[in-house]
Amino acid sequence: MGPKIETCQLSPTLRASRVVNGLWQVADMERGGQNLDASETSKYMMPYLEAGFTTFDMADHYGSAEIIAGTFKQGLQAPDTVQLLTKWVPRPGKNNKEEVRAAVITALNRLQSKKLDLLQFHAWNYADPNWLDCLYWLQDLKEEGLVANIGLTNFDTPHLRIALSSGIEVVSNQVSYSVVDQRAGGAMAKLCGEHHVKLLAYGTVAGGFLTDKWLNKPEPKLDGQATWSQMKYKRFIEEAGGWDKFQQVLSVLSNVAKRHNASIANVASRYILEQPAVGSVIIGVRLGRSEHVADNAKLFQFHLTEGDKKDIRGVQALLSAIHGDCGDE
């Protein structure tokens, strides 16, 4: 029997696993223009559920991820054991009430559900207050019963504060947060702690760079075969001080990992899990391509000591801070 998977209470009606399976790579797998078979691909979600990783995160723009997840949940004898978190990333520009409802209905249809467990909203332009209108309309749909919980994605601290002070019942904010990218650890974490909002942290393994694979390796030159995640987090590494400093980070994480019979990825994610206001970390899965169920389960076999955290903070001090607030990338 494997380790007990930790869970967190995002709201009175929603408990999620503390490692959430991220389905953004479905879009990358479909980059050639051919959709994955929903029925066949959904079968690769079962090992995660069986191991206790019951929560999956997706979005309207992650290819056919919502359709795959909905197909999976409908095929379960006990569908309520799975939590499906999705996002609405509207087109840039103004949106009206009918478009907000249409986005929710589209997600419900794709997920084959009568109520969305968590709908996370992304705003393109804070200068136009239409983003707040969208949240008010989502709040109406929550009260109507189509949305169980409202979350945000890539919101910065001032605008999360505005949403909360406007009466929007926000339960979570999904942001980039890692050993390299510490933007969420300051004012954002403090505000979330004050208002019982949980951070859902993505990028904890930096698109695969915070893993044993890259320890003592030369700097890669990314080409057209690189995934979107790799291209994004390589830029973060460059802004934080470059490859040589990143190798120092990997070396420290490797030493900590050896103490716990764990991997660099385990330590990188565990470090973020133990930060204030963090509810869950989101780790990407490539359904049918690579499975990390056993490795992710190791996250719950150890806790970092104060000595471990001191070592990690020490090497972080060598890095340059990633510019701006959450979501600025």
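Attention here is on the structure that accompanies the text. (Residues numbered from 1 in each chain as written. Predicted model: local features only at pLDDT ≥ 70, side-chain atom pairs only at ≥ 80, totals over all residues. Heavy atoms only, no water.)

What to know about unusual backbone geometry
- Of note in this structure, Asn-154 is not a glycine but carries a positive phi near 60 degrees.
- Along the chain, Asn-154 falls in the loop between β7 (150-153) and α7 (157-165).
- A positive phi angle is found at Asn-261, which is not glycine, with a value near 55 degrees.
- Tracing the backbone shows Asn-261 in the loop between α10 (243-259) and α11 (264-273).
- Relative accessible area serves as the criterion here: at 69%, Asn-261 is assigned to the exposed category. (Helix = DSSP H or I, 4+ residues; strand = E, 2+ residues; numbered from the N terminus. Buried < 20%, exposed > 50% of the residue type's maximum accessible area, 1.4 Å probe, protein only.)

A closer look at the pattern of salt bridges
- What the rule picks out here adds up to 20 salt bridges.
- The partner of Arg-259 in a salt bridge is Asp-311, and the shortest N-O contact between them spans 2.8 Å. Taken together, the residues Arg-259 in helix α10 and Asp-311 in helix α13 (residues 306-316) connect sequence positions 52 residues apart.
- The exposure class assigned to Asp-311 is partly exposed, which follows from its relative accessible area of 32%.
- A salt bridge links Lys-309 to Glu-274; the shortest N-O distance between them is 3.2 Å. (Salt bridge = Lys/Arg side-chain N within 4 Å of Asp/Glu carboxyl O.)

Observations concerning empty space enclosed by the protein
- For the structure shown, the criterion picks out 1 cavity of 30 Å³ or more.
- Volume-wise, the largest cavity comes out at about 30 Å³.
- Lining the largest cavity, in full, are Lys-73, Leu-84, Leu-111, Ser-113, Lys-115, Leu-116 and Asp-117.
- Split by residue class, the lining of the largest cavity holds 3 nonpolar, 1 polar and 3 charged. (1 Å grid on protein atoms, 1.4 Å probe; cavity = no way out; pocket = protein on both sides within 12 Å on 5 of 7 lines; lining within 4 Å. Points joined across faces, edges and corners; volume = space filled by probe spheres on them. Nonpolar A, V, L, I, M, F, W, Y, C, P; charged D, E, K, R; others polar.)

A word on the packing of α7 against helix α8 (residues 187-195)
- Their axes nearest at 9 Å, the elements α7 and α8 cross at an angle of 15 degrees. The angle between the axes of α7 and α8 places the two elements in the roughly parallel class. Crossing geometry of α7 relative to α8 is assigned as left-handed. On α8, the residues touching Thr-157, Leu-160, Arg-161 and Leu-164 of α7 are Ala-187, Met-188, Leu-191, Cys-192 and His-195. (Axes fitted to C-alpha atoms, helices over the stretch in contact; angles between N-to-C directions. Parallel < 35°, antiparallel > 145°, perpendicular 65-115°, else oblique. Left-handed = near helix turned anticlockwise from the far one by under 90°. Contact = heavy atoms within 4.5 Å.)

Topic: the pairing of strand β9 (residues 198-202)
- Of all the 5 residues making up β9, 4 are buried; the element is thus mostly covered by neighbouring parts of the structure.
- Relative to β9, strand β8 (residues 170-176) runs parallel, the two being bridged by 5 bridges. Counted as the bridge partner of Ser-172 is Lys-198 from β9.
- By the bridge criterion, 4 bridges tie β9 to strand β10 (residues 278-284) in an arrangement that is parallel. Note on β10: the bridge partner recorded for Ala-201 is Val-281. (Pairing = 2+ DSSP bridges.)

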